[in-house]
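# Analysis of the macromolecular model
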Number of protein chains: 4
Amino acid sequence: MTPEQENQIRESFDHQSMMTTFGASLDDLTPGTCRISAPILDGNQQQHGFGHAALTFGLGDTAAGYAAMSVMEPGHEVLTAEIKISLVSPAKGYRLIAEGTVLRAGRRLITVEAKVFAKDAGENRLIAVLLGTMVPVKPKPTAT
Amino acid sequence: MTPEQENQIRESFDHQSMMTTFGASLDDLTPGTCRISAPILDGNQQQHGFGHAALTFGLGDTAAGYAAMSVMEPGHEVLTAEIKISLVSPAKGYRLIAEGTVLRAGRRLITVEAKVFAKDAGENRLIAVLLGTMVPVKPKPTAT
Amino acid sequence: MTPEQENQIRESFDHQSMMTTFGASLDDLTPGTCRISAPILDGNQQQHGFGHAALTFGLGDTAAGYAAMSVMEPGHEVLTAEIKISLVSPAKGYRLIAEGTVLRAGRRLITVEAKVFAKDAGENRLIAVLLGTMVPVKPKPTAT
Amino acid sequence: MTPEQENQIRESFDHQSMMTTFGASLDDLTPGTCRISAPILDGNQQQHGFGHAALTFGLGDTAAGYAAMSVMEPGHEVLTAEIKISLVSPAKGYRLIAEGTVLRAGRRLITVEAKVFAKDAGENRLIAVLLGTMVPVKPKPTAT
């Protein structure tokens, strides 16, 4: 991962207004891995006050996507073609941590995994596992 | 679906703060189907101003979940065990519409599908397909 | 779909020794759909004498794959990038029928669905739903 | 895992005629993991002579299922509710090895993963990753 690629990923993250709404931060980025975390804010909950599945999904998918982007040829952006999430435990706690990892990087498709943990009274409990497919895309000049 | 069940679903929806953050409304509910829609608000976008995958996922998952709940025994709540989303087109437009459908209802597991469409210049374009598994849960007296 | 493409699909099917082991036949092929069926042979069962999930999967995946190939540019082959199967009912009966359908065809990825039914005492019961991603590949000169 | 459970799993495996057709063997079983392998026989191939996706799937799904069964209450059988497979590389080689692992065991649902490797010239190459949901079932007295 070149410094330009890391900048490109961090800029892309900063331009996602959904990540701002989630209060999310990009905490760690290495070639093939990405960690993103966010508090469980009042506005991002399901009917019992736990974190909403859309929050869990959004963090996991984004961590997996930037993990993929970190191993792509520079100048490309990443698109989620598809992703499956298994929600193994309720998102109970005060903060979610998503760790994305590249399982295999092909030229046209990158298979990724993410695990999402809930921080609750000191413990990090696994709440979700994601398995998906990322696609490199060349940004069009007109895209903004 | 009894009137009590419809009330229970609508109350559950209203208690999801994430749905409020999304500006979502539960537009239609029949036994085995549910339609939810939301505008693509400024705070729910990805880096190019399209709807974020977490928004698309959240609406699709919720529509599929309440479709499942509408065919469950009264007094139960619904939990997403897992769900897969194929993102077939960018969420470009001004409003997303998610239609959840029950494919098969067992006693312990309910297989559901959802399709999400983007309203853009009059046209409703398919942007995502979801396939997942819902589980009925008895709410615990202490849960709130 | 040109006649050459239909020939290419039928030849590809005939070269899959697994389809022969399954006793499978390619029953119908139109642009964007494919139907494949097979008996539940003695050698393709699980521990209770029902059709094995590998049989259900193999028929569904193959039907979905050829549905995708039927809408690709001629001269390409199809590869399953990933596919999810929900097994909604046991494969009880004497014959399985898999119907593959293209949900959306992009240039690089084709999103497909398949439904698998079991023929049992006249009735066709839905036993599985698949949702997956197919990729067109140019066959290498050396591949055979 | 009690000795009875291990026996029950090995008996169940032996009663799957599909595993015999695949030439598969159950090579290792510990609480929460299961390893199954099989040669790529002439009758289990796709159109280019590689292992068929139904073979890869069947081994991965079965390894994941028995991994789940090994942590269930004795006397239960396992059912795959759903499973997703990402096929990351062609099944090229002479033998496939599937390793199933329990990611989280709940009372009603068990989330499992499997990785499938192809043995080819000494090397074990990752060819598939599976993520799925297993359900414990009480065998009915009439089941055979």
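Residues numbered from 1 in each chain as written. Chains lettered and ligands numbered in written order. Predicted model: local features only at pLDDT ≥ 70, side-chain atom pairs only at ≥ 80, totals over all residues. Heavy atoms only, no water.

## Points about the nonpolar core
Of all hydrophobic cores here, the largest spans 82 residues; its most connected members are Leu59 of chain C together with Leu59 of chain D. When near neighbours in sequence (up to four residues on either side) are disregarded, Leu59 of chain C contacts Met19, Phe22, Ala24, Ile36, Ala38, Leu96 and Ala98 of chain C. Ala24 and Ile83 of chain A together with Leu59 and Val116 of chain B belong to the second largest nonpolar core, which has 81 residues in total. (Core = buried A, V, L, I, M, F, W, Y, C linked by side-chain atoms within 4.5 Å. Buried < 20%, exposed > 50% of the residue type's maximum accessible area, 1.4 Å probe, protein only. Contact = heavy atoms within 4.5 Å.)

## Re a positive patch on the surface
A cluster of basic residues, Arg107 and Arg108 of chain A together with Arg107 and Arg108 of chain C, forms a positive patch on the protein surface. For Arg107 of chain A, a relative accessible area of 71% gives the class exposed. (Patch = residues over 30% accessible without salt bridge, like charges linked within 9 Å, V, L, I, M, F, W, Y side chains within 5 Å. Areas by Shrake-Rupley, 256 points an atom, 1.4 Å probe, with all protein chains shown as cover. Salt bridge = Lys/Arg side-chain N within 4 Å of Asp/Glu carboxyl O. Lys, Arg positive; Asp, Glu negative; His and termini not counted. Charge placed at Lys NZ, Arg CZ, Asp CG, Glu CD.)

## Re the interface of chain A and chain B
Chain A puts 35 residues into the contact, and the matching count from chain B is 35 residues. When chain A packs against chain B, close to 2,700 Å² is buried across both sides, 53% of that on carbon and sulfur atoms. Area buried by chain A at its contact with chain B is led by Met18, Gln47 and His48 of chain A, which between them contribute 22% of it. Summed over the shared surface of chain A and chain B, the result is two salt bridges. Glu82 of chain A is the salt-bridge partner of Lys84 of chain B, the closest N and O atoms lying 2.9 Å from each other. Run the count over chain A and chain B and you get 22 residue pairs in polar contact (both at pLDDT 80 or more). Of all the secondary-structure elements, those providing two or more residues to the side of chain A that touches chain B are helix H2 (17–21), helix H3 (53–69) and strand E3 (77–87) of chain A. Tallying contributions element by element places E3 of chain A first for the side of chain A that touches chain B, with nine residues. (Buried area = accessible area lost by both parts, 1.4 Å probe. Polar contact = N/O pair within 3.5 Å; in protein donor to acceptor, adjacent residues only side chain to side chain. Helix = DSSP H or I, 4+ residues; strand = E, 2+ residues; numbered from the N terminus.)

## Quick word on the packing of aromatic side chains
Considering all chains together, one arrives at six aromatic pairs over all chains under this definition. Both rings, one in Phe13 of chain A and one in Tyr66 of chain A, keep their centres 6.4 Å apart while their planes meet at 65 degrees; by these two values the pair is edge-to-face. In this pair, Phe13 of chain A sits in helix H1 (residues 3–14) while Tyr66 of chain A sits in helix H3, placing the two residues 53 residues apart along the sequence. An identical accessibility class is assigned to Phe13 of chain A and Tyr66 of chain A; each is buried. Ring geometry for Phe57 of chain C against Phe57 of chain D: centres 4.0 Å apart, planes inclined by 0 degrees, an arrangement best described as stacked. A residue pair is termed interchain when its members come from two chains, as with Phe57 of chain C in helix H3 (residues 53–69) and Phe57 of chain D in helix H3 (residues 53–69). (Phe/Tyr/Trp six-rings, centres within 6.5 Å; stacked < 30°, edge-to-face > 60°.)

## Some details on the relation of the copies chain A and chain B
Screw-axis analysis of chain A against chain B gives a translation of 0.0 Å along the axis, an RMSD of 0.0 Å, and a rotation angle of 180 degrees. Taken together, the rotation and translation relating the two chain copies correspond to the operation of a two-fold axis. Minimal C-alpha separation from the rotation axis in chain A is found for Lys84 of chain A, amounting to 1.9 Å. The share of interface residues of chain A whose copies in chain B are also at the interface is 100%, consistent with both copies meeting through the same surface. (Least-squares fit on C-alpha atoms with pLDDT ≥ 70 in both.)

## Quick word on the sheet that holds strand E1 (residues 25–30) of chain D
With antiparallel pairing, twelve strands are arranged side by side in an open sheet as E1(C)-E2(C)-E4(C)-E5(C)-E6(C)-E3(C)-E3(D)-E6(D)-E5(D)-E4(D)-E2(D)-E1(D). In this open sheet, the two strands that pair with only one neighbour each are strand E1 (25–30) of chain C together with E1 of chain D. Each adjacent strand pair in this sheet contributes to an overall mean axis angle of 20 degrees, direction not counted. The pairing of strand E5 (residues 110–120) of chain C with strand E6 (residues 123–137) of chain C spans eleven bridges and is classified as antiparallel. By the bridge assignment for E6 of chain C, Asp120 of chain C is matched with Glu123 of chain C. Of the strands in this sheet, E1, strand E2 (33–39) and strand E3 (77–87) of chain C touch helix H1 (residues 3–14) of chain C, which is tilted by about 160 degrees from E1 of chain C. H3 of chain C contacts E1, E2, E3, strand E4 (95–105), E5 and E6 of chain C together with strand E3 (77–87) of chain D of the sheet and is inclined by roughly 40 degrees relative to E4 of chain C. (Pairing = 2+ DSSP bridges. Axes fitted to C-alpha atoms, helices over the stretch in contact; angles between N-to-C directions.)

What is shown is where atoms sit, not what they do.
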